[in-house]
Amino acid sequence: GNPSGATTDVNFPHNYLLVKPEFCAGYDKDRGIPIWTSWQLNSTWCNGPAVRKDNYIADPSLPAAWNHIGGNDYSGSGFSRGHMCPSADRLVTQADNDSLFYMTNMVPQNQNQNGGIWEQLETYERTLANNGNVLYIISGGYGAGGTGTSGYATTIDGGKVTVPALTWKVILVLPAGTNDVSRVTTSTRTIAVNMPNSDPPSGANWGTYR
């Protein structure tokens, strides 16, 4: 999916389209994060021999003249490198998994959210995929201003990376089959969440933010 009509024209740096075998994204050069990231998930994608190596790197596919956010640019910020398309969603080959560690797939995310309710939803998505469904997922960060371990911030890395105020995700769930687009109806299951980029309150789960 391309919900913002992103384009590969470098004259549109706030809505620049990245197309990879593993995910697509609409990238904002000045925010230093994706507007959205889009991917498909099925049981094949999330099962395989690949292992997570945490090799966070700058994305070489960005135009050479642009600032390339690097793997260490979140260091000391109080925010985690929050995957949009998660590592465990791409395990078919090591190259598939490694591609998810491009920084164009990251937003600065509160770690208690990232490793808590956000991860719980990711795990639920893979459960749905392993139970015979195909999922179409779009996620992103919205606004500016989140709270990490060092407190509130609107940007990090000297202003090069915007900290989103909210992280959101929309998931379309279909039984596995063919011609997926033609099988979507008004009764197709859709899950949508919108989570403040801060410590979740005690007792919250991902369903709290539907």
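Conventions adopted
Residues numbered from 1 in each chain as written. Predicted model: local features only at pLDDT ≥ 70, side-chain atom pairs only at ≥ 80, totals over all residues. Heavy atoms only, no water. Salt bridge = Lys/Arg side-chain N within 4 Å of Asp/Glu carboxyl O. Buried < 20%, exposed > 50% of the residue type's maximum accessible area, 1.4 Å probe, protein only. Phe/Tyr/Trp six-rings, centres within 6.5 Å; stacked < 30°, edge-to-face > 60°. Lys NZ or Arg CZ within 6 Å of the ring centre and 35° of its normal. Helix = DSSP H or I, 4+ residues; strand = E, 2+ residues; numbered from the N terminus. Pairing = 2+ DSSP bridges. Disulfide = S-S within 2.5 Å. Contact = heavy atoms within 4.5 Å. Expected span 1.5 Å × (residues − 1). Axes fitted to C-alpha atoms, helices over the stretch in contact; angles between N-to-C directions.

Caption draft 1: Summary view of the pattern of salt bridges. This model, assessed by the stated rule, comprises six salt bridges. Asp30 serves as the salt-bridge partner of Lys29, at 3.2 Å between the closest nitrogen and oxygen. Lys29 gets classed as partly exposed once you look at its relative accessible area, which sits at 32%. Given a relative accessible area of 44%, Asp30 falls into the partly exposed group. Two residues, Arg52 and Asp54, come together in a salt bridge whose shortest N-O distance is 2.5 Å. In this structure Arg52 comes out as partly exposed when scored by relative accessible area, which is 48%.

Caption draft 2: Layout of the packing of aromatic side chains. What the rule picks out here adds up to three aromatic pairs. A cation over a ring is seen here: Arg81 above Tyr56, with NZ or CZ 3.6 Å from the ring centre.

Caption draft 3: Structural context of the pairing of strand E2 (residues 24-28). Within E2, four of the five residues are buried, which leaves it mostly tucked inside the rest of the structure. Sheet topology note: the strand E1 (residues 16-19)/E2 ladder contains four bridges and is antiparallel. Following the sheet pairing, Leu17 is matched in E2 by Gly26. The antiparallel hairpin formed by E1 and E2 contains four residues in its connecting segment.

Caption draft 4: Up close: the state of the cysteines. According to the stated counting rule, one finds zero disulfides in the structure shown. Of all cysteine sulfurs, the one in Cys85 lies closest to Cys24, which takes part in no disulfide; the gap is 10 Å. Of the cysteine sulfurs around Cys46, a residue in no disulfide, the closest is that of Cys85, at 11 Å.

Caption draft 5: Main features of the environment of Pro108. Summarising the element assignment, Pro108 is placed in strand E5 (residues 106-109). Pro108 sits in the buried class, given a relative accessible area of 0%. For Pro108 and Thr155, which are 47 residues apart along the polypeptide, the C-alpha to C-alpha distance reads 8.9 Å. Here Pro108 is in contact with Ile33, Tyr74, Phe79, Ser80, Ile156, Val161, Thr162, Val163, Pro164 and Asn197, once residues within four sequence places are set aside.

Caption draft 6: How the structure looks around helix H3 (residues 117-130). Between the first and last C-alpha of H3 there are 20 Å, a value that for 14 residues agrees with the 20 Å anticipated at 1.5 Å per step. Listing the buried residues of H3 in full gives Ile117, Trp118, Leu121, Glu122, Glu125, Arg126, Leu128 and Ala129. Positive phi appears at Gly132, one or two residues downstream of H3, with a value of about 100 degrees.

Caption draft 7: Looking closely at the sheet that holds E1. Overall, antiparallel pairing links the six strands, which are arranged E1-E2-E3-E6-E11-E12 in an open sheet. Each edge of the sheet is formed by a strand with only one pairing partner; in this case those strands are E1 and strand E12 (189-196). When strand polarity is set aside, the average angle formed by the axes of neighbouring strands in this sheet is 15 degrees. Bridge count for strand E11 (residues 166-175) against E12 is eight bridges, and the pairing is antiparallel. Paired with Leu172 across the two strands is Thr190, which belongs to E12. Most of the contacts of H3 go to E11, to which it runs at about 10 degrees, and overall it touches strand E3 (33-41), strand E6 (133-142), E11 and E12.

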